[in-house]
Amino acid sequence: MARSRKAEREQVRQQLHANGLTVAEIAAEMGRRFNVRPRTAWRYALGWEQWRAVQAYRAANPSAPIDDTRVSKWESWPFGGAQPSPEHLAGLVLAFGHGCTVADLVDEDDLSTYSLAERQLVTVQRPGTPQADVARVDSLAASAAARETWLHLSTAMAGIEHGGIEHVQDDVTRLAKDFHEIPAGQMLAEARAARDMAYGLLERTRRPGQQSDLYLAAGIASSLLSAASFDVGQMVAAKALAKASIGYADLIDHAGLRAWSGGFLALVAYWAGRPRDAIDLLDRALDHAPAGTPTARLYAIRARAWGLLGDAREVAADVARSDTAFERAAGDSELQDHIGGEFGWRTTRHELCIGAAWVAAGDPAAAVPRIRGALASPEPDPETLLEPAHVDLAAADLAAGDLDAAADDLRVVWDMPVGERRHGLTGRFDRVRQELAVGTWRGGGEVRALNERIGDFVTAAQQHRALLAASVS
(Lines give C-alpha, C1' and ligand atoms only; values in the text may rest on other atoms or scores of the structure.)
Protein backbone atom coordinates (compact mmCIF):
# COMPACT_ATOMS: atom_id res chain seq x y z
CA MET A 1 0.00 0.00 0.00
CA ALA A 2 2.82 2.41 0.92
CA ARG A 3 4.63 1.65 -2.31
CA SER A 4 1.52 2.26 -4.43
CA ARG A 5 0.83 5.51 -2.56
CA LYS A 6 4.37 6.70 -3.22
CA ALA A 7 4.04 5.78 -6.90
CA GLU A 8 0.78 7.71 -7.09
CA ARG A 9 2.42 10.82 -5.58
CA GLU A 10 5.30 10.61 -8.02
CA GLN A 11 2.94 10.21 -10.96
CA VAL A 12 0.96 13.27 -9.86
CA ARG A 13 4.15 15.27 -9.35
CA GLN A 14 5.50 14.44 -12.78
CA GLN A 15 2.18 15.24 -14.44
CA LEU A 16 1.95 18.62 -12.70
CA HIS A 17 5.55 19.39 -13.62
CA ALA A 18 4.87 18.45 -17.26
CA ASN A 19 1.91 20.86 -17.21
CA GLY A 20 4.28 23.72 -16.38
CA LEU A 21 3.45 24.23 -12.70
CA THR A 22 6.11 25.65 -10.42
CA VAL A 23 7.38 23.71 -7.40
CA ALA A 24 5.35 26.01 -5.13
CA GLU A 25 2.19 25.30 -7.13
CA ILE A 26 2.92 21.58 -7.10
CA ALA A 27 3.40 21.71 -3.32
CA ALA A 28 0.05 23.41 -2.86
CA GLU A 29 -1.65 20.72 -4.95
CA MET A 30 0.17 17.92 -3.12
CA GLY A 31 -1.02 19.31 0.18
CA ARG A 32 -4.63 19.41 -1.01
CA ARG A 33 -4.64 16.08 -2.79
CA PHE A 34 -2.83 13.98 -0.19
CA ASN A 35 -3.89 15.94 2.92
CA VAL A 36 -0.37 16.44 4.27
CA ARG A 37 1.33 19.22 6.23
CA PRO A 38 3.03 22.05 4.27
CA ARG A 39 6.57 20.81 5.00
CA THR A 40 5.67 17.36 3.71
CA ALA A 41 3.93 18.83 0.67
CA TRP A 42 7.10 20.67 -0.34
CA ARG A 43 9.16 17.51 0.05
CA TYR A 44 6.65 15.61 -2.11
CA ALA A 45 6.74 18.41 -4.69
CA LEU A 46 10.49 17.88 -5.03
CA GLY A 47 10.11 14.10 -5.22
CA TRP A 48 12.25 13.63 -2.13
CA GLU A 49 12.17 10.99 0.57
CA GLN A 50 13.01 12.11 4.11
CA TRP A 51 16.65 11.02 3.86
CA ARG A 52 17.05 13.25 0.78
CA ALA A 53 15.58 16.22 2.70
CA VAL A 54 18.09 15.56 5.49
CA GLN A 55 20.98 15.59 3.02
CA ALA A 56 19.79 18.86 1.47
CA TYR A 57 19.32 20.44 4.90
CA ARG A 58 22.85 19.47 5.94
CA ALA A 59 24.30 20.82 2.71
CA ALA A 60 22.48 24.15 3.10
CA ASN A 61 23.04 24.44 6.87
CA PRO A 62 26.39 22.76 7.59
CA SER A 63 26.47 23.40 11.34
CA ALA A 64 22.86 22.44 12.08
CA PRO A 65 22.07 19.09 13.75
CA ILE A 66 19.53 17.14 11.67
CA ASP A 67 18.36 13.57 11.12
CA ASP A 68 15.37 11.67 9.69
CA THR A 69 13.61 11.64 13.04
CA ARG A 70 13.74 15.40 13.42
CA VAL A 71 12.41 16.00 9.89
CA SER A 72 9.61 13.53 10.57
CA LYS A 73 8.67 15.35 13.78
CA TRP A 74 8.64 18.72 12.02
CA GLU A 75 6.41 17.34 9.29
CA SER A 76 3.92 15.92 11.81
CA TRP A 77 3.52 19.08 13.88
CA PRO A 78 1.10 20.17 15.38
CA PHE A 79 -0.68 16.79 15.28
CA GLY A 80 2.26 15.08 16.95
CA GLY A 81 6.00 15.41 16.56
CA ALA A 82 7.85 18.61 17.50
CA GLN A 83 7.37 22.27 16.61
CA PRO A 84 9.91 23.63 14.09
CA SER A 85 11.21 27.02 15.19
CA PRO A 86 11.35 29.94 12.71
CA GLU A 87 15.08 29.26 12.40
CA HIS A 88 14.39 25.60 11.56
CA LEU A 89 11.88 26.70 8.93
CA ALA A 90 14.47 29.08 7.49
CA GLY A 91 16.85 26.12 7.23
CA LEU A 92 14.23 24.16 5.30
CA VAL A 93 13.80 27.15 2.96
CA LEU A 94 17.47 26.93 2.03
CA ALA A 95 17.21 23.16 1.62
CA PHE A 96 14.11 23.24 -0.59
CA GLY A 97 15.08 26.26 -2.74
CA HIS A 98 12.86 26.93 -5.79
CA GLY A 99 11.56 30.19 -4.34
CA CYS A 100 10.29 28.57 -1.13
CA THR A 101 9.64 31.01 1.75
CA VAL A 102 9.12 30.48 5.46
CA ALA A 103 5.47 31.46 5.07
CA ASP A 104 5.01 28.63 2.53
CA LEU A 105 5.89 26.04 5.17
CA VAL A 106 3.19 26.85 7.73
CA ASP A 107 -0.61 26.96 7.79
CA GLU A 108 -3.27 28.10 10.26
CA ASP A 109 -2.88 24.96 12.39
CA ASP A 110 0.84 25.67 12.75
CA LEU A 111 0.37 29.38 13.44
CA SER A 112 -2.04 28.70 16.31
CA THR A 113 0.83 27.07 18.22
CA TYR A 114 3.36 29.90 17.83
CA SER A 115 3.79 32.94 20.07
CA LEU A 116 2.89 36.39 18.74
CA ALA A 117 6.53 37.21 18.03
CA GLU A 118 7.03 33.89 16.22
CA ARG A 119 3.88 34.41 14.13
CA GLN A 120 5.23 37.78 13.02
CA LEU A 121 8.45 36.10 11.95
CA VAL A 122 6.86 33.34 9.87
CA THR A 123 4.04 35.28 8.19
CA VAL A 124 5.75 38.57 7.23
CA GLN A 125 6.03 39.38 3.49
CA ARG A 126 9.49 38.51 2.23
CA PRO A 127 11.89 39.47 -0.57
CA GLY A 128 11.98 36.53 -3.07
CA THR A 129 15.21 34.63 -2.47
CA PRO A 130 15.89 31.95 0.15
CA GLN A 131 19.01 33.76 1.36
CA ALA A 132 17.07 37.02 1.88
CA ASP A 133 14.29 35.03 3.54
CA VAL A 134 16.65 33.51 6.08
CA ALA A 135 18.44 36.81 6.69
CA ARG A 136 15.10 38.50 7.38
CA VAL A 137 14.13 35.73 9.83
CA ASP A 138 17.46 36.14 11.61
CA SER A 139 17.02 39.93 11.77
CA LEU A 140 13.44 39.78 12.98
CA ALA A 141 14.24 37.04 15.48
CA ALA A 142 17.00 39.17 16.96
CA SER A 143 14.72 42.22 17.16
CA ALA A 144 11.93 40.20 18.74
CA ALA A 145 14.31 38.67 21.26
CA ALA A 146 15.63 42.08 22.25
CA ARG A 147 12.13 43.49 22.71
CA GLU A 148 10.98 40.51 24.76
CA THR A 149 14.13 40.57 26.92
CA TRP A 150 13.78 44.24 27.81
CA LEU A 151 10.08 43.85 28.51
CA HIS A 152 10.72 40.86 30.79
CA LEU A 153 13.55 42.67 32.59
CA SER A 154 11.35 45.71 33.19
CA THR A 155 8.53 43.55 34.51
CA ALA A 156 10.82 41.64 36.85
CA MET A 157 12.34 44.74 38.44
CA ALA A 158 10.76 47.20 40.84
CA GLY A 159 11.23 50.05 38.42
CA ILE A 160 12.04 50.55 34.75
CA GLU A 161 15.62 50.54 33.61
CA HIS A 162 16.17 53.40 31.18
CA GLY A 163 17.65 50.92 28.72
CA GLY A 164 14.19 49.53 28.06
CA ILE A 165 12.87 52.97 27.14
CA GLU A 166 15.92 53.61 24.99
CA HIS A 167 15.31 50.34 23.16
CA VAL A 168 11.75 51.18 22.17
CA GLN A 169 12.85 54.71 21.20
CA ASP A 170 15.60 53.28 19.01
CA ASP A 171 13.10 50.83 17.52
CA VAL A 172 10.56 53.43 16.40
CA THR A 173 13.34 55.71 15.13
CA ARG A 174 14.76 52.88 13.02
CA LEU A 175 11.32 52.06 11.62
CA ALA A 176 10.70 55.69 10.73
CA LYS A 177 14.05 56.05 8.97
CA ASP A 178 13.69 52.78 7.05
CA PHE A 179 9.95 53.09 6.38
CA HIS A 180 10.17 52.96 2.58
CA GLU A 181 12.72 50.14 2.66
CA ILE A 182 10.52 47.81 4.72
CA PRO A 183 7.59 45.92 3.13
CA ALA A 184 4.24 47.14 4.43
CA GLY A 185 3.32 43.82 6.03
CA GLN A 186 6.59 43.72 7.95
CA MET A 187 6.17 47.37 8.95
CA LEU A 188 2.73 46.65 10.39
CA ALA A 189 4.15 43.76 12.42
CA GLU A 190 7.25 45.57 13.68
CA ALA A 191 5.55 48.90 14.46
CA ARG A 192 2.81 47.04 16.34
CA ALA A 193 5.44 45.17 18.35
CA ALA A 194 7.22 48.43 19.23
CA ARG A 195 3.95 50.05 20.26
CA ASP A 196 3.04 47.03 22.40
CA MET A 197 6.43 47.16 24.10
CA ALA A 198 5.77 50.81 24.98
CA TYR A 199 2.40 49.75 26.41
CA GLY A 200 4.05 47.07 28.53
CA LEU A 201 6.61 49.50 29.91
CA LEU A 202 3.92 52.10 30.66
CA GLU A 203 2.27 49.60 32.98
CA ARG A 204 5.46 49.53 35.08
CA THR A 205 6.05 53.21 35.71
CA ARG A 206 4.35 56.29 37.13
CA ARG A 207 7.30 58.60 36.61
CA PRO A 208 6.15 61.56 34.46
CA GLY A 209 9.37 61.74 32.47
CA GLN A 210 9.35 58.05 31.61
CA GLN A 211 5.64 58.12 30.79
CA SER A 212 6.21 61.06 28.44
CA ASP A 213 8.98 59.20 26.58
CA LEU A 214 6.85 56.09 26.26
CA TYR A 215 3.71 57.94 25.14
CA LEU A 216 5.83 59.61 22.45
CA ALA A 217 7.14 56.21 21.32
CA ALA A 218 3.59 54.82 21.26
CA GLY A 219 2.45 57.86 19.27
CA ILE A 220 5.26 57.51 16.73
CA ALA A 221 4.53 53.80 16.36
CA SER A 222 0.83 54.61 15.84
CA SER A 223 1.79 57.13 13.15
CA LEU A 224 3.86 54.51 11.35
CA LEU A 225 1.01 52.01 11.65
CA SER A 226 -1.32 54.62 10.17
CA ALA A 227 0.99 55.22 7.22
CA ALA A 228 1.50 51.49 6.62
CA SER A 229 -2.26 50.88 6.81
CA PHE A 230 -2.74 53.63 4.22
CA ASP A 231 -0.15 51.98 1.99
CA VAL A 232 -2.16 48.75 1.91
CA GLY A 233 -5.41 50.65 1.24
CA GLN A 234 -6.91 50.23 4.74
CA MET A 235 -8.32 53.74 5.13
CA VAL A 236 -10.50 53.09 8.18
CA ALA A 237 -7.53 51.72 10.11
CA ALA A 238 -5.27 54.53 8.85
CA LYS A 239 -7.74 57.15 10.08
CA ALA A 240 -8.19 55.51 13.49
CA LEU A 241 -4.45 55.15 14.03
CA ALA A 242 -3.74 58.76 13.02
CA LYS A 243 -6.35 59.91 15.54
CA ALA A 244 -4.73 57.71 18.20
CA SER A 245 -1.37 59.33 17.45
CA ILE A 246 -2.92 62.75 17.91
CA GLY A 247 -4.33 61.53 21.24
CA TYR A 248 -0.85 60.51 22.43
CA ALA A 249 0.51 63.87 21.28
CA ASP A 250 -2.18 65.64 23.31
CA LEU A 251 -1.30 63.60 26.41
CA ILE A 252 2.27 64.92 26.38
CA ASP A 253 1.60 68.19 24.51
CA HIS A 254 3.95 67.24 21.67
CA ALA A 255 3.26 69.83 18.97
CA GLY A 256 5.39 68.12 16.32
CA LEU A 257 3.66 64.74 16.58
CA ARG A 258 0.26 66.45 16.68
CA ALA A 259 1.06 68.44 13.51
CA TRP A 260 2.40 65.43 11.58
CA SER A 261 -0.51 63.16 12.50
CA GLY A 262 -3.03 65.93 11.84
CA GLY A 263 -1.54 66.36 8.39
CA PHE A 264 -1.67 62.64 7.73
CA LEU A 265 -5.30 62.50 8.84
CA ALA A 266 -5.97 65.22 6.26
CA LEU A 267 -4.15 63.17 3.60
CA VAL A 268 -6.43 60.22 4.32
CA ALA A 269 -9.44 62.52 3.73
CA TYR A 270 -7.80 63.92 0.58
CA TRP A 271 -7.26 60.48 -0.93
CA ALA A 272 -10.80 59.49 0.01
CA GLY A 273 -12.06 62.33 -2.21
CA ARG A 274 -13.04 64.69 0.64
CA PRO A 275 -10.86 67.79 0.10
CA ARG A 276 -13.15 70.04 2.20
CA ASP A 277 -12.72 67.74 5.19
CA ALA A 278 -8.98 67.73 4.55
CA ILE A 279 -8.86 71.53 4.63
CA ASP A 280 -10.80 71.63 7.92
CA LEU A 281 -8.38 69.13 9.46
CA LEU A 282 -5.39 71.11 8.20
CA ASP A 283 -6.77 74.36 9.61
CA ARG A 284 -6.96 72.67 13.02
CA ALA A 285 -3.45 71.29 12.70
CA LEU A 286 -2.05 74.67 11.63
CA ASP A 287 -3.47 76.38 14.72
CA HIS A 288 -0.79 74.80 16.92
CA ALA A 289 1.86 73.63 14.43
CA PRO A 290 5.51 74.51 15.11
CA ALA A 291 7.13 76.91 12.67
CA GLY A 292 9.42 75.59 9.98
CA THR A 293 9.06 72.22 8.27
CA PRO A 294 5.88 71.13 10.16
CA THR A 295 4.07 74.26 8.96
CA ALA A 296 5.55 74.02 5.45
CA ARG A 297 4.24 70.46 5.12
CA LEU A 298 0.73 71.34 6.29
CA TYR A 299 0.41 74.27 3.86
CA ALA A 300 1.70 72.08 1.01
CA ILE A 301 -0.94 69.44 1.77
CA ARG A 302 -3.62 72.13 1.99
CA ALA A 303 -2.53 73.44 -1.42
CA ARG A 304 -3.19 69.95 -2.81
CA ALA A 305 -6.67 69.92 -1.29
CA TRP A 306 -7.47 73.31 -2.81
CA GLY A 307 -6.15 72.00 -6.13
CA LEU A 308 -8.61 69.13 -5.98
CA LEU A 309 -11.35 71.73 -5.51
CA GLY A 310 -10.08 73.66 -8.53
CA ASP A 311 -9.31 76.87 -6.61
CA ALA A 312 -6.04 78.03 -8.21
CA ARG A 313 -5.93 81.24 -6.17
CA GLU A 314 -6.00 79.36 -2.87
CA VAL A 315 -3.43 76.92 -4.23
CA ALA A 316 -1.08 79.79 -5.05
CA ALA A 317 -1.59 81.35 -1.61
CA ASP A 318 -0.82 78.11 0.22
CA VAL A 319 2.15 77.35 -2.02
CA ALA A 320 3.60 80.76 -1.12
CA ARG A 321 2.98 80.14 2.60
CA SER A 322 4.57 76.70 2.37
CA ASP A 323 7.63 77.97 0.50
CA THR A 324 8.12 80.78 3.01
CA ALA A 325 7.84 78.45 6.02
CA PHE A 326 10.28 76.01 4.40
CA GLU A 327 12.81 78.73 3.60
CA ARG A 328 12.70 79.99 7.19
CA ALA A 329 12.95 76.53 8.77
CA ALA A 330 15.63 76.27 11.44
CA GLY A 331 15.95 72.48 11.20
CA ASP A 332 14.86 71.97 14.81
CA SER A 333 11.78 69.73 14.39
CA GLU A 334 12.31 66.55 16.42
CA LEU A 335 10.28 64.38 14.05
CA GLN A 336 10.75 65.94 10.66
CA ASP A 337 14.31 67.23 10.87
CA HIS A 338 16.01 64.95 13.38
CA ILE A 339 14.30 61.57 13.00
CA GLY A 340 13.33 62.12 9.37
CA GLY A 341 12.58 59.13 7.18
CA GLU A 342 8.80 58.80 6.86
CA PHE A 343 8.50 61.99 8.92
CA GLY A 344 11.13 63.86 6.93
CA TRP A 345 10.46 67.03 4.94
CA ARG A 346 13.45 68.05 2.93
CA THR A 347 13.79 69.85 -0.38
CA THR A 348 12.89 66.94 -2.67
CA ARG A 349 9.75 66.05 -0.76
CA HIS A 350 8.73 69.70 -0.46
CA GLU A 351 9.12 70.37 -4.18
CA LEU A 352 7.30 67.20 -5.22
CA CYS A 353 4.35 67.97 -2.94
CA ILE A 354 4.07 71.51 -4.32
CA GLY A 355 4.22 70.07 -7.84
CA ALA A 356 1.45 67.62 -6.94
CA ALA A 357 -0.69 70.54 -5.78
CA TRP A 358 -0.36 72.22 -9.17
CA VAL A 359 -1.12 68.92 -10.90
CA ALA A 360 -4.33 68.66 -8.85
CA ALA A 361 -5.15 72.23 -9.84
CA GLY A 362 -4.69 71.38 -13.52
CA ASP A 363 -1.79 73.82 -14.06
CA PRO A 364 1.01 71.94 -15.85
CA ALA A 365 3.03 75.12 -16.42
CA ALA A 366 3.41 75.53 -12.65
CA ALA A 367 3.69 71.82 -11.86
CA VAL A 368 6.33 70.61 -14.32
CA PRO A 369 9.24 72.89 -13.24
CA ARG A 370 8.82 71.97 -9.56
CA ILE A 371 8.63 68.23 -10.26
CA ARG A 372 11.34 68.06 -12.92
CA GLY A 373 13.65 70.21 -10.79
CA ALA A 374 13.29 67.82 -7.83
CA LEU A 375 13.74 64.73 -9.99
CA ALA A 376 16.84 66.17 -11.63
CA SER A 377 18.76 66.25 -8.32
CA PRO A 378 16.97 64.19 -5.66
CA GLU A 379 18.54 64.08 -2.21
CA PRO A 380 20.35 60.84 -1.39
CA ASP A 381 18.03 59.57 1.31
CA PRO A 382 15.15 57.07 1.39
CA GLU A 383 12.50 59.40 2.77
CA THR A 384 11.05 60.31 -0.62
CA LEU A 385 9.74 57.78 -3.14
CA LEU A 386 10.29 59.21 -6.61
CA GLU A 387 7.96 56.92 -8.60
CA PRO A 388 4.77 58.78 -7.52
CA ALA A 389 6.32 61.98 -8.83
CA HIS A 390 6.72 60.40 -12.26
CA VAL A 391 2.98 59.66 -12.27
CA ASP A 392 2.23 63.28 -11.31
CA LEU A 393 4.56 64.44 -14.07
CA ALA A 394 2.76 62.24 -16.59
CA ALA A 395 -0.56 63.81 -15.59
CA ALA A 396 0.94 67.28 -16.02
CA ASP A 397 2.38 66.43 -19.45
CA LEU A 398 -0.99 65.05 -20.54
CA ALA A 399 -2.68 68.24 -19.38
CA ALA A 400 -0.19 70.09 -21.57
CA GLY A 401 -1.13 67.85 -24.50
CA ASP A 402 2.10 65.84 -24.70
CA LEU A 403 1.21 62.12 -24.84
CA ASP A 404 4.73 61.03 -25.79
CA ALA A 405 6.27 62.83 -22.80
CA ALA A 406 3.70 61.24 -20.48
CA ALA A 407 4.48 57.77 -21.77
CA ASP A 408 8.18 58.45 -21.25
CA ASP A 409 7.51 59.70 -17.68
CA LEU A 410 5.91 56.39 -16.79
CA ARG A 411 8.70 54.12 -18.05
CA VAL A 412 10.40 54.05 -14.64
CA VAL A 413 7.13 53.06 -12.95
CA TRP A 414 6.10 49.95 -14.86
CA ASP A 415 8.81 47.66 -13.50
CA MET A 416 8.02 48.36 -9.84
CA PRO A 417 7.50 45.08 -7.93
CA VAL A 418 3.84 44.63 -7.08
CA GLY A 419 4.61 44.71 -3.35
CA GLU A 420 6.01 48.25 -3.66
CA ARG A 421 2.98 49.71 -5.47
CA ARG A 422 1.53 51.54 -2.49
CA HIS A 423 -1.81 53.29 -2.42
CA GLY A 424 -0.22 56.74 -2.68
CA LEU A 425 1.28 55.67 -6.00
CA THR A 426 -1.62 53.87 -7.64
CA GLY A 427 -4.15 56.51 -6.57
CA ARG A 428 -2.29 59.07 -8.67
CA PHE A 429 -3.21 57.19 -11.83
CA ASP A 430 -6.79 58.48 -11.43
CA ARG A 431 -5.57 61.89 -12.56
CA VAL A 432 -3.68 60.36 -15.50
CA ARG A 433 -6.83 58.54 -16.62
CA GLN A 434 -8.86 61.73 -16.32
CA GLU A 435 -6.42 63.54 -18.58
CA LEU A 436 -6.46 60.66 -21.07
CA ALA A 437 -10.27 60.82 -21.13
CA VAL A 438 -10.56 64.55 -21.82
CA GLY A 439 -7.65 65.01 -24.22
CA THR A 440 -7.96 65.04 -28.00
CA TRP A 441 -5.44 62.48 -29.14
CA ARG A 442 -4.52 61.48 -32.66
CA GLY A 443 -3.16 58.09 -31.67
CA GLY A 444 -6.26 56.44 -30.24
CA GLY A 445 -4.52 53.08 -30.16
CA GLU A 446 -1.70 54.46 -28.01
CA VAL A 447 -4.21 55.87 -25.54
CA ARG A 448 -6.04 52.55 -25.30
CA ALA A 449 -2.78 50.69 -24.77
CA LEU A 450 -1.72 53.12 -22.04
CA ASN A 451 -5.09 52.83 -20.33
CA GLU A 452 -4.88 49.05 -20.42
CA ARG A 453 -1.37 49.07 -18.99
CA ILE A 454 -2.46 51.37 -16.19
CA GLY A 455 -5.41 49.10 -15.47
CA ASP A 456 -3.22 46.00 -15.25
CA PHE A 457 -0.67 47.79 -13.07
CA VAL A 458 -3.24 49.12 -10.60
CA THR A 459 -5.34 45.93 -10.48
CA ALA A 460 -2.30 43.79 -9.63
CA ALA A 461 -1.42 46.21 -6.82
CA GLN A 462 -4.96 46.23 -5.44
CA GLN A 463 -5.12 42.43 -5.43
CA HIS A 464 -1.79 42.24 -3.64
CA ARG A 465 -2.89 44.78 -1.04
CA ALA A 466 -6.13 42.90 -0.44
CA LEU A 467 -4.19 39.70 0.24
CA LEU A 468 -1.74 41.52 2.46
CA ALA A 469 -4.49 43.26 4.44
CA ALA A 470 -6.19 39.92 5.00
CA SER A 471 -2.95 38.33 6.20
CA VAL A 472 -2.26 41.05 8.79
CA SER A 473 -5.81 41.64 9.99
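Predicted model, so just to flag it, every value in this text is computed and none were measured. (Residues numbered from 1 in each chain as written. Predicted model: local features only at pLDDT ≥ 70, side-chain atom pairs only at ≥ 80, totals over all residues. Heavy atoms only, no water.)

S.K.: So what's going on with the overall build of the protein chain? Residues and values would help.
M.R.: A count of helical and extended segments in the protein chain gives 26 helices and zero strands. Taken over 473 residues, the protein chain has a buried fraction of 52%. At a minimum sequence separation of 6, the contacts of the protein chain that also span at least 24 residues come to 64%. (Helix = DSSP H or I, 4+ residues; strand = E, 2+ residues; numbered from the N terminus. Buried < 20%, exposed > 50% of the residue type's maximum accessible area, 1.4 Å probe, protein only. Contact = heavy atoms within 4.5 Å.)

S.K.: Break down helix H15 (residues 275-287) for me, with residues and values.
M.R.: Its 13 residues give H15 an end-to-end C-alpha distance of 18 Å, which sits within 8% of 18 Å, the value for a rise of 1.5 Å per residue. Taken residue by residue, H15 has Pro275, Ala278, Ile279, Leu281, Leu282, Ala285 and Leu286 as its buried positions. Projected down its long axis, H15 carries its buried residues within an arc of 165 degrees, all on one side. Seen from the open side of H15, the exposed residues pointing more than 90 degrees away from its buried face are Arg276, Arg284 and Asp287. Of the surrounding elements, those touching the buried residues of H15 are helix H14 (255-271) and helix H16 (293-308). (Expected span 1.5 Å × (residues − 1). Arc of directions from axis to C-beta.)

S.K.: Can you break down the confidence of the model for the protein chain residue by residue, with the values?
M.R.: When pLDDT is averaged along the protein chain, the result is 85, and 86% of the positions lie at 70 or above. Between the elements of the protein chain, mean pLDDT differs from a low of 51, seen in helix H9 (residues 130-156), to a high of 97, seen in H16. Scored below 50 in pLDDT, residues 125-129 shows 14 contacts in the model against residues more than four places distant or in partner chains. This stretch, residues 154-159, has a pLDDT under 50; its non-local contacts, to residues over four places away or in other chains, come to seven contacts. (pLDDT = per-residue confidence, 0-100.)

S.K.: Tell me about the packing of aromatic side chains, and name the residues and values.
M.R.: On inspection of all chains with the given rule, the structure shows 11 aromatic pairs. The interplanar angle of 55 degrees and the centroid separation of 5.7 Å between the aromatic rings of Tyr57 and Trp74 together place this pair among those described as tilted. Of the two residues, Tyr57 sits in helix H4 (residues 50-60) while Trp74 sits in helix H5 (residues 68-76), which places them 17 residues apart along the sequence. The pair Tyr57 / Trp74 is uniform in exposure class, with both members buried. With a centroid separation of 5.6 Å and an interplanar angle of 75 degrees, the aromatic rings of Trp414 and Phe457 are classed as edge-to-face. Note that Trp414 is positioned in helix H23 (residues 411-414) and Phe457 in helix H26 (residues 444-472), a separation of 43 residues in sequence. (Phe/Tyr/Trp six-rings, centres within 6.5 Å; stacked < 30°, edge-to-face > 60°.)

S.K.: Kindly report on the packing of helix H13 (residues 235-252) against H14, identifying the contributing residues and their values.
M.R.: Two elements in contact, H13 and H14, have axes whose closest approach is 8 Å; the angle formed by their N-to-C orientations is 160 degrees. The angle between the axes of H13 and H14 places the two elements in the roughly antiparallel class. The interaxial crossing formed by H13 with H14 has left-handed handedness. For the pair formed by H13 and H14, the contact residues are Met235, Ala238, Lys239, Ala242, Lys243, Ser245, Ile246, Ala249 and Asp250 on the first element and Leu257, Arg258, Ser261, Gly262, Leu265, Val268 and Trp271 on the second. (Axes fitted to C-alpha atoms, helices over the stretch in contact; angles between N-to-C directions. Parallel < 35°, antiparallel > 145°, perpendicular 65-115°, else oblique. Left-handed = near helix turned anticlockwise from the far one by under 90°.)

S.K.: Residues and numbers for the nonpolar core, please.
M.R.: Within the largest apolar cluster, 100 residues are counted, with the highest numbers of intra-cluster contacts made by Phe429 and Val432. By residue number, the principal contributor to this core is helix H12 (residues 208-231), which donates 11 residues. Discounting chain neighbours no more than four positions away, the residues touching Phe429 are Val391, Leu410, Val413, Trp414, Ile454, Phe457 and Val458. Counting 32 residues, the second largest nonpolar core, distinct from the first, contains Met30, Ile66, Trp74 and Tyr114. (Core = buried A, V, L, I, M, F, W, Y, C linked by side-chain atoms within 4.5 Å.)

S.K.: Report on the pattern of salt bridges, specifying residues and quantitative values.
M.R.: Counted according to the given criterion, the structure contains 26 salt bridges. A salt bridge links Arg321 to Asp318, with the shortest nitrogen-to-oxygen separation between them at 2.7 Å. In this pair, Arg321 and Asp318 are both assigned in helix H17 (residues 312-327), three residues apart and thus about one turn of the helix distant. Relative accessible area serves as the criterion here: at 0%, Asp318 is assigned to the buried category. In this structure, the salt-bridge partner of Asp409 is Arg372, at a minimum N-O distance of 3.7 Å. (Salt bridge = Lys/Arg side-chain N within 4 Å of Asp/Glu carboxyl O.)

S.K.: Please provide a residue-by-residue account of unusual backbone geometry, values included.
M.R.: Put simply, Trp77 and Pro78 share a cis peptide bond, and its omega is 5 degrees. With respect to the helices, strands and loops of the structure, Pro78 is situated in the loop between H5 and helix H6 (86-96). Backbone geometry at Asn35 places phi at a positive 55 degrees, although glycine is not the residue there. Tracing the sequence through the fold places Asn35 in the loop between helix H2 (23-34) and helix H3 (38-46). What makes Asn35 exposed here is its relative accessible area of 71%.

S.K.: Which residues make up the side chain of Arg39, and what values do they have?
M.R.: Examined against the element boundaries, Arg39 turns out to sit in helix H3. For Arg39, a relative accessible area of 1% gives the class buried. A distance of 2.8 Å separates a polar atom in the side chain of Arg39 from the backbone oxygen of Trp74. Among the polar contacts made by the side chain of Arg39, one reaches the side chain of Asp110 at a distance of 2.7 Å. Those residues in contact with Arg39, other than ones at most four positions away along the chain, are Trp74, Glu75, Trp77, Pro84, Leu89, Leu92, Phe96, Leu105, Val106 and Asp110. (Polar contact = N/O pair within 3.5 Å; in protein donor to acceptor, adjacent residues only side chain to side chain.)

S.K.: Give me the lowdown on the environment of Phe230, citing residues and values where you can.
M.R.: Along the chain, the position of Phe230 falls in helix H12. Each C-alpha atom of the pair Phe230 and Val268 lies 7.6 Å from the other, and the pair is 38 residues apart in sequence. Beyond its immediate sequence surroundings of up to four residues, Phe230 is in contact with Met235, Ala238, Phe264, Val268, Trp271, His423 and Gly424.

S.K.: Would you mind going over H13 in detail, with residue names and values included?
M.R.: Since the α-helix advances by 3.6 residues per turn, residues separated by three or four positions end up pointing in the same direction. The end-to-end C-alpha distance of H13 is 26 Å, a good match for the 26 Å that 18 residues give at a rise of 1.5 Å each. Looking at H13, one finds that the buried residues are Ala238, Leu241, Ala242, Ser245, Ile246, Tyr248 and Ala249. Take H13 and look down its axis: the buried residues cluster within an arc of 160 degrees, on one side only. Opposite the packed face of H13, turned more than 90 degrees from it, sit the exposed residues Val236 and Leu251. If you follow the buried residues of H13, they end up packed against helix H11 (184-202), H12 and H14. At the C-terminal side of H13, Asp253 shows a positive phi close to 55 degrees.

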